[in-house]
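The chain contents come next:
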Amino acid sequence: SSVTPSFIADVVGTYEIQLVVNDGAKDSSPDEMSVIVAPPPLLDLEPTEIDTLGVSTNGQLLIVTGNVRVDVTNHGPDALARAFAVTIFEDLNGDRLFTPGTDRVLGQTQVTAALAGSSTIPVQVPLAGEVSFKDGILYAFVDSGNSVPETDETNNIRDSAFECQLSPAPSGQA
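The notes below deal with the structure included here. Nothing here was measured: the structure is a model prediction, and the numbers come from that model.

Calculation rules
- Residues numbered from 1 in each chain as written.
- Predicted model: local features only at pLDDT ≥ 70, side-chain atom pairs only at ≥ 80, totals over all residues.
- Heavy atoms only, no water.
- Salt bridge = Lys/Arg side-chain N within 4 Å of Asp/Glu carboxyl O.
- Helix = DSSP H or I, 4+ residues; strand = E, 2+ residues; numbered from the N terminus.
- Buried < 20%, exposed > 50% of the residue type's maximum accessible area, 1.4 Å probe, protein only.
- Pairing = 2+ DSSP bridges.
- Axes fitted to C-alpha atoms, helices over the stretch in contact; angles between N-to-C directions.
- Phe/Tyr/Trp six-rings, centres within 6.5 Å; stacked < 30°, edge-to-face > 60°.
- Contact = heavy atoms within 4.5 Å.
- Polar contact = N/O pair within 3.5 Å; in protein donor to acceptor, adjacent residues only side chain to side chain.

Take the pattern of salt bridges next. By the definition in use, this model includes seven salt bridges. Note that Arg-69 is salt-bridged to Glu-49, the shortest N-O span being 3.2 Å. Here Glu-49 lies in strand β3 (residues 45–51) and Arg-69 lies in strand β5 (residues 63–74), a separation of 20 residues in the sequence. Note on Arg-69: relative accessible area 21%, which makes it partly exposed. One salt bridge connects Arg-69 with Asp-51, and the closest N-O pair in it is separated by 3.1 Å. Taken as a pair, Arg-69 in strand β5 and Asp-51 in strand β3 lie far apart in primary sequence, 18 residues in all. A network of salt bridges, in which partner residues are shared, links Glu-49, Asp-51, Arg-69 and Asp-71.

Pasting the structure below:
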């Protein structure tokens, strides 16, 4: 019979591992190795700006085309060296989150460029699809495939109306 030994390192550090096999009568010579477990990188991706100036909507067919520029910021101190997806979607159920099978994906791209810690890169996402309203709110979801372990997973979605704010009229003016 065959046995497959395993080891799960759940604490950062250096582990000295020794394996000895016994056939029921005799021990093998020990096989030794060192395993170094490093802390995970500190990463925090966020879409910090969404530029929809490159988007066109056919007002009769409600079809969007063009490109959305999403500025992606890594707020963490460590560099990101793995690919991640940026998805543009229409939030059909109004929950301000991406719900697969419910919300409408209008575009997606894979980002393969390195992203240094505390830096921002522009990402162009091509769009094509049907929308509910002309010039409606679009949402950008950074790391939509959840491939990057982050210190904060709650800031990965931003809408194109984020910068729009309604301010009350100054006192005495209406």
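In this section: the sheet that holds strand β9 (residues 139–142). In spatial order, the strands read β7-β6-β9-β10; together these four strands make up an open sheet with antiparallel pairing. Only two strands of the sheet have a single partner each, and these edge strands are β7 (104–111) and β10 (157–159). Taken pair by pair, the neighbouring strands of this sheet meet at an average axis angle of 20°, ignoring direction. Two strands pair when backbone bridges link them, and β9 and β10 are joined in this way by three bridges, in the antiparallel orientation. Along β10, the bridge assignment pairs Ala-140 with Arg-158.

Looking now at the pairing of β9. Neither face of β9 is left uncovered, since the one carrying Tyr-139 and Phe-141 and the one carrying Ala-140 and Val-142 both have all their residues buried. Examined bridge by bridge, strand β6 (residues 84–90) and β9 share four bridges and lie antiparallel to one another. Across the sheet, residue Phe-89 finds its bridge partner in β9, namely Tyr-139.

Attention now goes to the packing of aromatic side chains. The full count for this structure, using the stated rule, is four aromatic pairs. On the basis of an interplanar angle of 25° and a centroid distance of 5.3 Å, the ring pair of Phe-89 and Tyr-139 is categorised as stacked. Of this pair, Phe-89 sits in strand β6 while Tyr-139 sits in strand β9, and the two are 50 residues apart along the sequence. Their ring planes at 55° and their centres at 6.1 Å tell us that Phe-98 and Phe-141 sit as a pair that is tilted. Here Phe-141 lies in strand β9 and Phe-98 lies in the loop between β6 and β7, a separation of 43 residues in the sequence. In this structure an aromatic cluster arises from ring pairing among Phe-89, Phe-98, Tyr-139 and Phe-141.

Below, the discussion takes up unusual backbone geometry. What is expected of a backbone is that most residues other than glycine have negative phi and most peptide bonds are trans. In the Ramachandran plot, Ser-118 falls in the positive-phi region, its phi being about 55° despite a non-glycine side chain. Here Ser-118 shows up in the loop between β7 and β8 (119–130).

This part covers the environment of Phe-89. On the basis of relative accessibility, which here comes to 0%, the residue Phe-89 falls in the buried class. With 28 residues separating them along the chain, Phe-89 and Leu-61 place their C-alpha atoms 18 Å apart. When residues no more than four places from it in sequence are discounted, the contact partners of Phe-89 are Leu-97, Phe-98, Asp-103, Arg-104, Val-105, Leu-106, Leu-138, Tyr-139, Phe-141 and Ile-157.

Moving on to the side chain of Asp-159. Tracing the chain through its elements places Asp-159 in strand β10. A distance of 2.9 Å separates polar atoms of two side chains, one belonging to Asp-159 and the other to Arg-96. At 2.8 Å, the side chain of Asp-159 forms a polar contact with the backbone nitrogen of Ala-161. The residues contacting Asp-159, other than those within four sequence positions of it, are Ile-50, Arg-96, Ile-137, Leu-138 and Tyr-139.

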